[in-house]
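What follows is each chain in one-letter form.
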Amino acid sequence: MRQPEPYLTTIPPVIAALTDYEPYARARLDDNAWAYLHSGAADEITFRANREAFDRQCLQGRALVDMRGGHTRLNLFGHAFEHPILLAPVAYQSLFHPEGELATVRAAAAMDAGMVVSTLASHPLEEIASHAYAPLWFQLYVQPDREFTLDLVLRAEQAGYQALVVTVDAPLAGIRNREQRAGFRLPAGVSAVNLQGMRQSQTQLVEGQSVVFDGLMAHAPTWRDIEMLRAATQLPLILKGISSPLDAALALELGVDGLIVSNHGGRTLDTLPSTLELLPAIAATTQGRVPLLLDGGIRRGTDILKAIALGASAVLIGRPFIYGLATAGALGVAHVLRLLRDELEVAMALTGCRTLADITPAVLIANNT
Ligand SMILES: Cc1cc2nc3c(=O)[nH]c(=O)nc-3n(C[C@H](O)[C@H](O)[C@H](O)COP(=O)(O)O)c2cc1C
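Bear in mind that the values here come from a model prediction, so they are computed numbers and not experimental data.

K.L.:
Explain the packing of helix 12 (residues 301–309) against helix 13 (residues 319–350) residue by residue, including any values.
P.N.:
Contact geometry of helix 12 with helix 13 gives a least axis separation of 7 Å together with a crossing angle of 60°. Considering their axes alone, helix 12 and helix 13 lie oblique with respect to each other. Along this stretch, helix 12 crosses helix 13, giving a crossing that reads as right-handed. Contacts between helix 12 and helix 13 involve G301, T302, I304 and L305 from the former and L340, E343, L344, A347 and M348 from the latter. Tallied by class, residues from the contact of helix 12 with helix 13 come to six nonpolar, two polar and one charged.

Given below as structure tokens:
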């Protein structure tokens, strides 16, 4: 069996961009963890589309603009952020480095990056929060046991999380053939520790009932749960995984405070469009009434600029920071954030944008997404 390479303690100059981390991560992960990390749903068409959409969109350069006093600061849900790059919720981070989420939260603190902690984190949400010095949000998967779900929300509030991100695009696991082919399973010692003690639901199917509709989806969240959560928490409520303008409109009616345009990094429903393509119609629906965030395929500072130009306030990254984590723990995650922020600032300077507010559709060459 292949021996995983040791974690790096310094970052070599050959790692100059986010994608440079990918082979380093691969060399340090076994086939099981790699299949989980890299997998998209089915034929991975959406997974690839997320990137391709950014690559197709060209930028309009601007020359001779005075950039002094420029910055990347923004305000989201009443909190100040130094830059618009957040770490997306990624489950079971101890699969990728023994320190898991604890390494990630230290890197987020060092780089002033917001972090979203998954319901399926491999460390207790309170322990992660005790290391946080930058905005921290909690990502909720609504559980079949609704009482337990509300208790999780309360725990997150009490631990100081500043927003609740409810993921709505994965009521059941997508069909991830890459994982299936690798026979993926969680290794001993890695588990969803925050769900310990939860009552397990057991749906007994009778003849003629569907495993999907009557089984896996029997306790899946609906809009009623969003109403219930809206009433249950004072925290800003953000829905993650919105891909339809109709859903965006419903969310606004229910008093949701923000949306994350996401296709789960191409991991749930294959052949959904890229998130960059989804964004304009959702922005047209929400009309600036709530912040829109976007994730999926962000690998370059120019990608962030393009997302903001089409209506996003901020973006999240998933796999890239895990590549950094798997390569060099907290140092790797911090370096990924540093690279991306530097690239964003350079892209802003070369398109004549002193602040995020200056990033408008005018930075894009029209009609080629
Ligand atoms: C290994 C892995 C685990 C993930 N776990 C979660 C999760 O627990 N909750 C969630 O809302 N999204 C989860 N996601 C989706 C990410 O939050 C994010 O939407 C996606 O990774 C963004 O695409 P990118 O990886 O191309 O940056 C996960 C993604 C990956 C790759």
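Continuing now.
K.L.:
Describe the sheet that holds strand 6 (residues 163–167), listing the residues and the values that go with them.
P.N.:
Ordered in space as 3-4-5-6-7-8-9-10, the eight strands form a closed barrel in which the pairing is parallel. Averaged over all neighbouring strand pairs, the angle between strand axes comes to 30°, with direction disregarded. Across three bridges, strand 4 (residues 114–117) lies against strand 5 (residues 136–140) in parallel orientation. Within strand 5, the position partnered with M115 by the bridge is L136.

K.L.:
Tell me about the site of the ligand, and please be specific about residues and values.
P.N.:
Lining the immediate surroundings of the ligand are 23 residues, of which P89, S118, T167, D295 and G318 lie closest. Residue A91 places a main-chain N or O atom 3.1 Å away from a nitrogen atom belonging to the ligand. A distance of 2.9 Å is found between an oxygen atom of the ligand and a backbone nitrogen or oxygen belonging to R319. Within the complex, the protein chains bury 99% of what would otherwise be the 600 Å² of accessible surface of the ligand. Sorting the residues of the shell around the ligand by element identifies helix 2 (31–38) and helix 13 as the ones contributing at least two each. Taken together, the residues of the shell around the ligand break down into nine nonpolar, nine polar and five charged.

Rules behind the numbers
Residues numbered from 1 in each chain as written. Predicted model: local features only at pLDDT ≥ 70, side-chain atom pairs only at ≥ 80, totals over all residues. Heavy atoms only, no water. Axes fitted to C-alpha atoms, helices over the stretch in contact; angles between N-to-C directions. Helix = DSSP H or I, 4+ residues; strand = E, 2+ residues; numbered from the N terminus. Parallel < 35°, antiparallel > 145°, perpendicular 65-115°, else oblique. Left-handed = near helix turned anticlockwise from the far one by under 90°. Contact = heavy atoms within 4.5 Å. Nonpolar A, V, L, I, M, F, W, Y, C, P; charged D, E, K, R; others polar. Pairing = 2+ DSSP bridges. Near = heavy atom within 4 Å. Polar contact = N/O pair within 3.5 Å; in protein donor to acceptor, adjacent residues only side chain to side chain. Areas by Shrake-Rupley, 256 points an atom, 1.4 Å probe, with all protein chains shown as cover.

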